Amino acid sequence: MDKVFELKNVSYFYTPKVPALIDISFDVKLKEKLFILGANGSGKSTLLKLMDGLIYPHEGQIRFFGKVIGDKRTFDEYEFRRRVGFVFQDSDVQLFNTTVFDEIAFAPLQMGMKKEEVEKLVNEILISFGIEKLKDRPPHRLSGGEKKKVALASVMVIDPEVLLLDEPTNGLDPRSKKWLLSKLEELNQKGATLVIATHDLEMAKKFSDRIIILNEEHKIEAIGYPEEILNDEKLLLKANLI
Ligand SMILES: Nc1ncnc2c1ncn2[C@@H]1O[C@H](COP(=O)(O)OP(=O)(O)OP(=O)(O)O)[C@@H](O)[C@H]1O
Ligand SMILES: [Mg+2]
């Protein structure tokens, strides 16, 4: 089985006294839906930022299809950004354009798509996400859930092979949540690999292939299949998930 990511003994410290992750090792397989669960502050967001090459491990290494992320000799950052999409936990750090339309058009334009093609694509995405009415609004003045949808649309518009999603259902109402799940299912069916950090046990139950639990000591508490992890009440209590 192809490995999309391989993490070996990864540690990250914001300061010597503030560890965020300690000795993390696991693989992400091609087309897998891998969930990362853990209490507040356990290190989920840090882990996704490391996997997106926004920060680098202080110990250990992370490979993407065999190449160490950030290694100047072998790692092609441009190609990586085309293949991997990241949706931040906090939409405010992600959204920076003056209108929703420009926000969603940004990545395809950066990738060199023609203006007319981008316009068509963005209009399709706006409709498919049910946010066409927001098209001329400034993203930073939207509601939390609306911002989340724009952030998701601005990443999903380039059809990434790998999606790293930090709390994607945060702030979404039940209908939007259901819709997002079907959208992600569709992407996964087409071959996308999904890594999702969440507190949403219901989503993990419905949708995950495999689950990693981070504990409050910033280490991996358990890795396993949803049926074994989610039925282990002692484990979920220990990890502060129920
Ligand atoms: N920018 C930062 N500077 C210093 N410490 C940080 C920073 N970001 C996170 N931390 C610390 O690193 C640890 C891991 O944080 P992280 O945001 O990865 O947790 P999380 O599992 O995503 O939490 P949440 O469920 O609240 O989103 C926490 O102890 C946190 O206080
Ligand atoms: Mg987080």
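As the structure is a computational prediction, the values presented were derived from the model and not from experiment.

## Description of the overall build of the chain
On a plain count of helices and strands, the chain comes out with 10 helices and 10 strands. Expressed as lengths along the three principal axes of its C-alpha atoms, the size of the chain is roughly 50 × 45 × 35 Å. Evaluated residue by residue, the chain yields a buried proportion of 51% over its 242 residues. Within the chain, residue pairs in contact and separated by at least 24 positions form 65% of the contacts whose partners lie at least 6 positions apart. Surface accessibility of the chain: about 12,300 Å² in total, with carbon and sulfur atoms responsible for 50%. The centroid of the 36 positive side-chain charges in the chain is displaced by 1 Å from the centroid of its 39 negative side-chain charges.

## Notes on the side chain of arginine 83
Looking at the secondary structure, you find arginine 83 in helix 2 (residues 77–83). Among the polar contacts listed, one links the side chain of arginine 83 to the side chain of glutamate 161, at a separation of 2.9 Å. Arginine 83 has contacts with Phe64, Phe65, Pro160, Glu161 and Val162, leaving out every residue within four places of it along the chain.

## Quick notes on the packing of helix 6 (residues 144–156) against helix 7 (residues 174–189)
Interhelical geometry of helix 6 versus helix 7 gives an angle of 10° and a closest axis separation of 13 Å. Judged by the angle between their axes, helix 6 and helix 7 are roughly parallel. Each of Lys149, Leu152 and Met156 in helix 6 lies in contact with helix 7, whose residues at this interface are Ser176, Leu180, Lys183, Leu184 and Leu187. A breakdown of the residues in the contact of helix 6 with helix 7 according to their chemical character gives 5 nonpolar, 1 polar and 2 charged.

## Description of the UniProt feature "domain: ABC transporter" (unreviewed entry) in the chain
Here the UniProt-annotated "domain: ABC transporter" (unreviewed entry) positions come out as residues 5–242. Along residues 5–242, the helical share is 38% and the strand share 26%, with 29 Å between the first and last C-alpha atoms.

## Quick look at the nonpolar core
Grouped together as the largest cluster of nonpolar side chains are 47 residues, with contacts concentrated most on Ile104, Ile131, Leu163, Leu184, Ile196, Ile211 and Ile213. Counting residues in hydrophobic clusters, the runner-up holds 30 residues, among them Leu21, Leu50, Val84 and Leu214.

## Some thoughts on the pairing of strand 3 (residues 33–38)
In terms of burial, strand 3 is a largely internal element, 6 of the 6 residues being buried. Here strand 3 shows a buried face lined by Lys33, Phe35 and Leu37 and a second buried face lined by Leu34, Ile36 and Gly38. Looking at chain direction, strand 3 and strand 8 (residues 193–197) are connected through 4 bridges and run parallel. Among the inter-strand pairings, isoleucine 36 is bridged to a residue of strand 8, identified as alanine 197. As paired strands, strand 3 and strand 9 (residues 210–214) are joined by 5 bridges and run parallel to one another. Its bridge partner being in strand 9, isoleucine 36 is matched across the sheet by isoleucine 212.

## Let's talk about the site of ligand 1
With respect to spatial proximity, 15 residues lie near ligand 1, and among them Gly41, Lys44, Ser45, Thr46 and Gln89 are the closest. Glycine 43 is positioned such that a nitrogen or oxygen atom in its backbone is 3.0 Å from an oxygen atom of ligand 1. A distance of 2.8 Å separates an oxygen atom of ligand 1 from a polar atom in the side chain of serine 45. A total of 630 Å² of accessible area belongs to ligand 1 in isolation, and the protein chains cover 63% of it. Counting residues per element, the ones that place at least two in the shell around ligand 1 are strand 2 (18–29) and helix 1 (44–51). Counting residues per element, the shell around ligand 1 draws most heavily on helix 1, which supplies 3 residues. Counted by class, the shell around ligand 1 contains 4 nonpolar, 9 polar and 2 charged residues.

Cut-off values and rules
Residues numbered from 1 in each chain as written. Chains lettered and ligands numbered in written order. Predicted model: local features only at pLDDT ≥ 70, side-chain atom pairs only at ≥ 80, totals over all residues. Heavy atoms only, no water. Helix = DSSP H or I, 4+ residues; strand = E, 2+ residues; numbered from the N terminus. Buried < 20%, exposed > 50% of the residue type's maximum accessible area, 1.4 Å probe, protein only. Contact = heavy atoms within 4.5 Å. Areas by Shrake-Rupley, 256 points an atom, 1.4 Å probe, with all protein chains shown as cover. Lys, Arg positive; Asp, Glu negative; His and termini not counted. Charge placed at Lys NZ, Arg CZ, Asp CG, Glu CD. Polar contact = N/O pair within 3.5 Å; in protein donor to acceptor, adjacent residues only side chain to side chain. Axes fitted to C-alpha atoms, helices over the stretch in contact; angles between N-to-C directions. Parallel < 35°, antiparallel > 145°, perpendicular 65-115°, else oblique. Nonpolar A, V, L, I, M, F, W, Y, C, P; charged D, E, K, R; others polar. UniProt positions renumbered as here; feature names shortened; annotations may be inferred. Core = buried A, V, L, I, M, F, W, Y, C linked by side-chain atoms within 4.5 Å. Pairing = 2+ DSSP bridges. Near = heavy atom within 4 Å.

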